[in-house]
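Architecture and fold: a report
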Amino acid sequence: TGSTRPQRLLRAVQKKATQGDPQSVIATIDHFCRHSEWAMNVGDEKGSILDSVVTELNPSSALELGTYCGYSTVRIARLLPPGSKLITLEFNPAYAAVARQVIAWAGLNDKVQLVEGPSGDLIPQMKELFGVQTFDFVFLDHWKDRYLPDTKLLEECGLLRKGTVLLADNVICPGTPEYLEYIRNSSRYESRYFKSHLEYTKVEDGLEKSVFLG
Ligand SMILES: O=C(NCCCCc1cc2cnccc2s1)c1cc(-c2ccc(F)cc2)cc(O)c1O
Ligand SMILES: [Mg+2]
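Now for a description of the structure that goes with this document. (Residues numbered from 1 in each chain as written. Chains lettered and ligands numbered in written order. Predicted model: local features only at pLDDT ≥ 70, side-chain atom pairs only at ≥ 80, totals over all residues. Heavy atoms only, no water.)

On to the packing of helix α1 (residues 5–16) against helix α2 (residues 22–35). It is the contact of α1 with α2, at a shortest axis distance of 9 Å, that shows an interaxial angle of 130°. The angle between the axes of α1 and α2 places the two elements in the oblique class. The way α1 lies across α2 gives a crossing that is right-handed. Facing α1, whose interface residues are Arg-5, Arg-8, Leu-9, Ala-12, Val-13 and Lys-16, α2 presents Val-25, Thr-28, Ile-29, Phe-32 and Cys-33. Looking at side-chain class alone, the contact of α1 with α2 contains 7 nonpolar, 1 polar and 3 charged residues. (Axes fitted to C-alpha atoms, helices over the stretch in contact; angles between N-to-C directions. Helix = DSSP H or I, 4+ residues; strand = E, 2+ residues; numbered from the N terminus. Parallel < 35°, antiparallel > 145°, perpendicular 65-115°, else oblique. Left-handed = near helix turned anticlockwise from the far one by under 90°. Contact = heavy atoms within 4.5 Å. Nonpolar A, V, L, I, M, F, W, Y, C, P; charged D, E, K, R; others polar.)

Turning our attention to the site of ligand 1. In the vicinity of ligand 1, 19 residues are found, and the nearest of them are Ser-119, Asp-141, Lys-144, Asn-170 and Glu-199. Lys-144 places a side-chain nitrogen or oxygen 2.9 Å from an oxygen atom of ligand 1. Isolated, ligand 1 exposes 680 Å² of accessible area, and the fraction of that covered by the protein chains is 79%. For ligand 1, the cavity whose grid points lie within 2 Å of the majority of its atoms is the largest pocket. At the level of secondary structure, the elements contributing two or more residues to the shell around ligand 1 comprise β2 (85–90) and α9 (171–175). (Near = heavy atom within 4 Å. Polar contact = N/O pair within 3.5 Å; in protein donor to acceptor, adjacent residues only side chain to side chain. Areas by Shrake-Rupley, 256 points an atom, 1.4 Å probe, with all protein chains shown as cover. 1 Å grid on protein atoms, 1.4 Å probe; cavity = no way out; pocket = protein on both sides within 12 Å on 5 of 7 lines; lining within 4 Å. Sits in = over half its atoms within 2 Å of the grid points.)

All right, on to the environment of His-31 then. Relative to the elements of secondary structure, His-31 occurs in helix α2. When the C-alpha atoms of His-31 and Asp-44 are compared, they prove to be 9.8 Å apart, with 13 residues separating the residues in sequence.

What follows concerns the pattern of salt bridges. Working definition: two side chains of opposite charge can pair if their charged atoms are close together. What the rule picks out here adds up to 16 salt bridges. Between Arg-161 and Asp-136 there is a salt bridge whose closest N-O contact spans 2.9 Å. Note that Arg-161 is positioned in strand β5 (residues 160–168) and Asp-136 in strand β4 (residues 135–140), a separation of 25 residues in sequence. We classify Arg-161 as partly exposed; its relative accessible area is 31%. For the salt bridge of Asp-141 with Lys-144, the shortest nitrogen-to-oxygen distance reads 3.3 Å. Lys-144 matches Asp-141 in its accessibility class, with the two residues each being buried. Salt bridges linked by common partners bring Lys-46, Asp-169, Glu-199 and Asp-205 together as one network. (Salt bridge = Lys/Arg side-chain N within 4 Å of Asp/Glu carboxyl O. Buried < 20%, exposed > 50% of the residue type's maximum accessible area, 1.4 Å probe, protein only.)

This is the structure in C-alpha cells:
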C-alpha cells in the first residue's frame, strides 16, 4: 500500500519547510502542487485574495468549511490577531490527519481547532461545543452542493452577525450555481466576485465575497 497524495504533500512540507514558519509551509505546498502533483488547495493566486480579505477584516472568530491538507487553514491562521480562533471542519479522517501535522509544522496549533465530521451535523453544535457566539469570517471550500444549505444553516443557527463576511472558493470551477443564485439575489447579502483561476492552472475560477447585512 503506497502513500497518498496528501501524505506525499506532508512529506514535502516536513522535508523542505521551516518549522514554525507558515510562509515556508505555504511556499512548499505551492511548489509541490505546481511542479510535482496538483492538489485542490486554494493555491497562491486565489490565496492572495483570501489573504487580503482576512487582513482587511482582522477577524477574531473564523470558520473554515473544508480543511483538506490545511493549506488555507495556515493562510488564514497566520494572519489572525492574538487571541483569535479559527475552527476548521474536515469530513475525511485521512485528510484531517495530514492537516493536523501541516498546521503543527507551521506552529499554528494555538489558533486552530480542527473538527472532524459533516458540516450539516457540526454547524448546529458550534455554540454548545465550541463556545462560539457568531463568526466574523467564514471560508467555504467543502462540498460545492453544501455551500447553500450550510449558509442557510449558519443563518438559522444565529452564527452570522451584521458584517460577517463569507468567502466562497470554486464558484466557477467546479462551480456552485445554486449558492451564487441565492447569495447574489438575496437582499440580506452584498456580494462581489473576484475573478481568478483554478489553483495551479489557467482555467477560470473565482471567489465570491458576501457580506451578511443582518
Ligand atoms: O471538491 C473540492 N473541495 C471539497 C472537498 C472536501 C469535501 C468535504 C466535505 C465536507 C463536509 N463537511 C465538513 C467538511 C467537509 S470537507 C474542490 C475540488 C476542486 C477541483 C477538483 C477537480 C477538478 F478537475 C477541478 C477542481 C477544486 C477545489 O478548490 C476544491 O475545493
Ligand atoms: Mg477549493
